[in-house]
Amino acid sequence: MFIELVKGVALLLALCFLHGFNIRVWRQHPWVGQVFSGLIFGGICVVGMLTPVVLMPGVIFDARSVVLSMAGLFGGPLVAGIAALMAATGRLWLGGAGAEVGLMVIGLCTALGLVYREGRARGRLGVEPVTLAVFGLLLHTAVIALFQLLPSEAVQRINQTLALPYLLTFTPATVVLGLLLHDVEQRMATERALTGTAARLHAITQAIPDVLLVLDAQGRYVEVLSPNDSALVASAPVLVGQRLHDVLPAEQAERFMALIRDTLQSGQTHSVEYEMQTLSGLRQFEGRTQPLGVQVGGQAAVVFLARDITKRKQAESALRESELRFRSLLRNIPSISVQGYLQDGTTSYWNQASEQLYGYTAEEAIGANLLDLIIPPPMRNDVRAHMQHMFATGEVIPAGELQLQRKDGTPVHVFSSHAYIQVPGHPPEMFCIDIDISGRKAAEDEARYLAFYDALTQLPNRRLLVDRLQQVLVNGARSGLTTAVLFVDLDNFKTLNDTRGHEVGDLLLKDVAQRLRSCVREQDTVARLGGDEFVVVLQNLSSDAPEAAAQARALGELILAQLRQPYELAGHEHHFTASIGVTLLNHQRDSVDEVLKQADMAMYRAKDAGRNTLRFFDPDMQQAVNRRALLETELHNGLRRAQFLLLYQPQVDSQGRVTGAEALVRWQHPVQGMVPPSEFIPLAEESGLILPLGQWVMETALRQQARWQQDPLFAHLSLAINVSARQFLQDDFVAQVLALVRQTGANPAQIKLELTESLLLDNVDSVISTMRALKAHGLGFSLDDFGTGYSSLSYLKRLPLDQIKIDQGFVRDVLLDASDAAIARSIIALAGSLGLSVIAEGVETTAHHQFLLAHGCQAFQGYLFGRPLTLEDFESRVRQGE
Ligand SMILES: Nc1nc2c(ncn2[C@@H]2O[C@@H]3COP(=O)(O)O[C@H]4[C@@H](O)[C@H](n5cnc6c(=O)[nH]c(N)nc65)O[C@@H]4COP(=O)(O)O[C@H]3[C@H]2O)c(=O)[nH]1
């Protein structure tokens, strides 16, 4: 019996082995595994039933209760169901009296096993020995209870002999089988977990591109994991088992050994960068070591993770090279100045082109402030504001043309672009990229200059001339002053060009340009129209057209005279003349074209008239000018030929007694007869002939006065002499007069110099000093035409005058015009208050005389008392008066 039970236990062990093996075999297909497990459990039951403990025929005992309950507990419904079906089939096939109870036992054990399984699944029951033992005891007690349904004979024997051994054998068997199956179950779970971990690890190591090595303390390759062999010194299978010294150069192997030692000693991760000759060539790696934590083959070991960084290193090196290239490019690129500045303007970068452009070396510039370096003072506030805005907002200053300054202070034109760069970890910077455009600017200036100036003579060209004339036409109308346009053309210029070539021709034109410029004032324009044609624009001439024409003619004559002077051209002396056409601008009527055409036509008239001359466009003007020119010549001749004489107009006192005379010049023209001063004095003043004429008058008058000195009849007579402004303002006027006084022996106390108010307009101080100098020698002064000019009373007070003359204009209408009468009265009163004598001129009627007399005037001159008389007539008049 015991032997039978041991056989049963052996069957149980076989069951465990077969069940474990089956599950492992079918782990990929768990359902199939369960079916086979069911067959195994069922098979063991059937085998057990075939070698049972036979109590009596038809009543058998075997280990099916243990097997089926464990099939339920560890196999689940499918396994237990198959096993129970097979066991039931086997039992029915064996038959006998105990068959029914046997089937019930099969059902009971299977069911209780499944119940236990459910309790375990819900966490209520475990599979530890005690629980299994309680389960086994309950199960087999229940089975013995079922045995009570057997025939009474069998029941009796069971209860007496078998029940107790049954309980004592099968309960522990249940525990043992449960523990064994539980162990199988656990081992399978561990195996599954390990398989999962290994699969994950494998997947991970396959996924990472790095090389993973396990090296022991001796430097032996324990494990080599690499996605491919290209990163290894030899293929993985070859490496495993070899030592570092076997596959690496000694020096490198030793370096890794030291790393392994350090890692194991410190227990810390270590990093290394190295280069290695691999199966795919020389590669660079970044490696990390980590202690493995467990021993391998009795040795401590490290995990070594190596990453191929060849590409990264190549990229880094390419980047470094590229940066180096760009830096070198920026540094050395000619003509493009690059400068870097920090927020406060401190210079952080300065390339070679900046050195050349601005004159500061990089050493001088870096660290200095932008504003102090190249920004002209007037621009500094603007630049500061722009920079602040850019650094605050990141908005770049727009590119544009600027005028900056070099180290030596000279200006430089640049086209400046700006960039705002912020590199993480560095302060933001402004980069300026400046291109020198001074050359372009100069070219533009040159082009602008050439557009308006003649390249050969540097004179304004036709375009600028037209421009200026247009302005003159617009503005001149307002001023009322006259503008004259002179068209100057060289005579025979073409011959010079043809005979001596254009170069010599150019020399002549340059010389002519210079001479023309020297003839005119700053405000006038000399332009070259092209070829040998020049135009001179004279502005601010007299508002009186004939006078302006005379001024234009005078300048034209001067130009002709200048251009007549010999020319020294390329070693030869040449003589040229010019023809000039003149027109006066009529601001209301003319256009620029019209004006130039007129001057051009006048110039051709000058050519027709034999060249070396000037002609006016306007025939009337021409005639007037001709007349003046003729008169001027005649005036000149008249002086030489003594055609002038003095008349003497008596000046009388309140009693009508002659007290003196005013000397009045006359021109005894051989053809025109006696010419009055109004016709020739202005011309004499313009032409300068007034100086010799005035000198003659002064000498003649003084000589006459000296003669009168000798005669008691005339010795008391004073003599008034007219002095023109131009004459009076000569530097040596005082010396001239005093010399004449000395030479003639005239009495200065009897001499009165008559000055006009116009003299006082600009020259009060020098007039006063001249007057004082003469007065110091006894000469007296009378202010002529008083009241017609604009002399201020304050001047009047300062002038060392003796007499004021009331102008004949006031005297004439003194009885008709209340205001003239008032002026005359005021002048008399004024003279009285200033302590001056007063003389009225132009007194023609006794009514004039009476009025003036009544208002206190004591001296008179006028037709009422005598016209200007020849010397003889004047002297006989004085005699008659006596
Ligand atoms: N209607 C009218 N006229 C009278 C009467 N009494 C005198 N006159 C004129 O008035 C002018 C007076 O001379 P003035 O005011 O010095 O004005 C002078 C003077 O400014 C200038 N002048 C004359 N002789 C000389 C001279 O020798 N040298 C300079 N620089 N200027 C002279 O020429 C001006 C004109 O001289 P004249 O033609 O000689 O004209 C003279 C004289 O003939 C009168 O009752 N009725």
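Residues numbered from 1 in each chain as written. Predicted model: local features only at pLDDT ≥ 70, side-chain atom pairs only at ≥ 80, totals over all residues. Heavy atoms only, no water.

## A closer look at empty space enclosed by the protein
Taken as a whole and assessed by the stated rule, the structure comprises five cavities of 30 Å³ or more. Reported here for the largest cavity is a volume of approximately 160 Å³. Along the wall of the largest cavity there are 16 residues; nearest its centre are Leu213, Tyr221, Tyr274, Met276 and Phe304. Listed by contribution, the elements that provide at least two residues to the lining of the largest cavity are strand E3 (211-216), strand E5 (270-278) and strand E7 (301-308). With three residues, the top contributor of residues to the lining of the largest cavity is E3. Looking at the lining of the largest cavity residue by residue, the classes come out as 16 nonpolar, no polar and no charged. Here the second largest cavity is characterised by a volume of approximately 130 Å³. Forming the boundary of the second largest cavity are 15 residues, of which Ile60, Arg64, Gly102, Val105 and Phe147 lie nearest the centre. Broken down by secondary-structure element, the contributors of at least two residues to the lining of the second largest cavity are strand E2 (59-61), helix H3 (64-75), helix H5 (99-121) and helix H6 (129-147). (1 Å grid on protein atoms, 1.4 Å probe; cavity = no way out; pocket = protein on both sides within 12 Å on 5 of 7 lines; lining within 4 Å. Points joined across faces, edges and corners; volume = space filled by probe spheres on them. Helix = DSSP H or I, 4+ residues; strand = E, 2+ residues; numbered from the N terminus. Nonpolar A, V, L, I, M, F, W, Y, C, P; charged D, E, K, R; others polar.)

## Describing the sheet that holds strand E6 (residues 281-291)
Reading across the sheet, the five strands line up as E4-E3-E7-E6-E5 and stay open at both edges, with antiparallel pairing between neighbours. Unpaired on one side and paired on the other, strand E4 (221-225) and E5 mark the two borders of the sheet. Along the sheet, successive strands turn relative to each other by an average axial angle of 25°, direction set aside. Strands in contact with helix H10 (residues 250-266) are E3, E5, E6 and E7; relative to E5, the strand with the most contacts, it is inclined by about 155°. Here helix H11 (residues 310-332) sits on the sheet and contacts E5, E6 and E7; the angle it forms with E6, its principal contact strand, is near 115°. (Pairing = 2+ DSSP bridges. Axes fitted to C-alpha atoms, helices over the stretch in contact; angles between N-to-C directions. Contact = heavy atoms within 4.5 Å.)

## Some remarks on the pattern of salt bridges
What the rule picks out here adds up to 37 salt bridges. Where Glu118 meets Arg122, a salt bridge forms, and the shortest distance between an N and an O atom there is 3.0 Å. By relative accessible area, Glu118 is classed as partly exposed at 39%. With relative accessibility at 58%, the residue Arg122 sits in the exposed group. Connected through shared salt-bridge partners, Glu273, Glu286, Arg312, Lys313 and Glu316 make up one network. (Salt bridge = Lys/Arg side-chain N within 4 Å of Asp/Glu carboxyl O. Buried < 20%, exposed > 50% of the residue type's maximum accessible area, 1.4 Å probe, protein only.)

## Points about the side chain of Asp434
Within the fold, Asp434 resides in strand E12 (residues 429-436). Buried charge without a salt bridge: Asp434, with Arg406 as the nearest opposite-charge side chain at an N-O distance of 11 Å. Side chain to side chain, Asp434 and Ser416 meet in a polar contact 2.6 Å long. Ignoring anything within four residues of it in the chain, the contact list for Asp434 reads Ser335, Ile336, Ser337, Gln339, Leu357, Tyr358, Leu404, Val414, Phe415, Ser416 and Ser417. (Lys, Arg positive; Asp, Glu negative; His and termini not counted. Polar contact = N/O pair within 3.5 Å; in protein donor to acceptor, adjacent residues only side chain to side chain.)

## A few points about the environment of Ile827
Within the secondary structure, Ile827 sits in helix H29 (residues 818-834). Residue classification places Ile827 among the buried residues on the basis of a relative accessible area of 4%. Distance from Ile827 to Ile839, taken between C-alpha atoms, is 10.0 Å for residues 12 residues apart in sequence. Contact partners of Ile827, with chain neighbours within four places excluded, come to Phe786, Ile804, Ile806, Phe810 and Val838.

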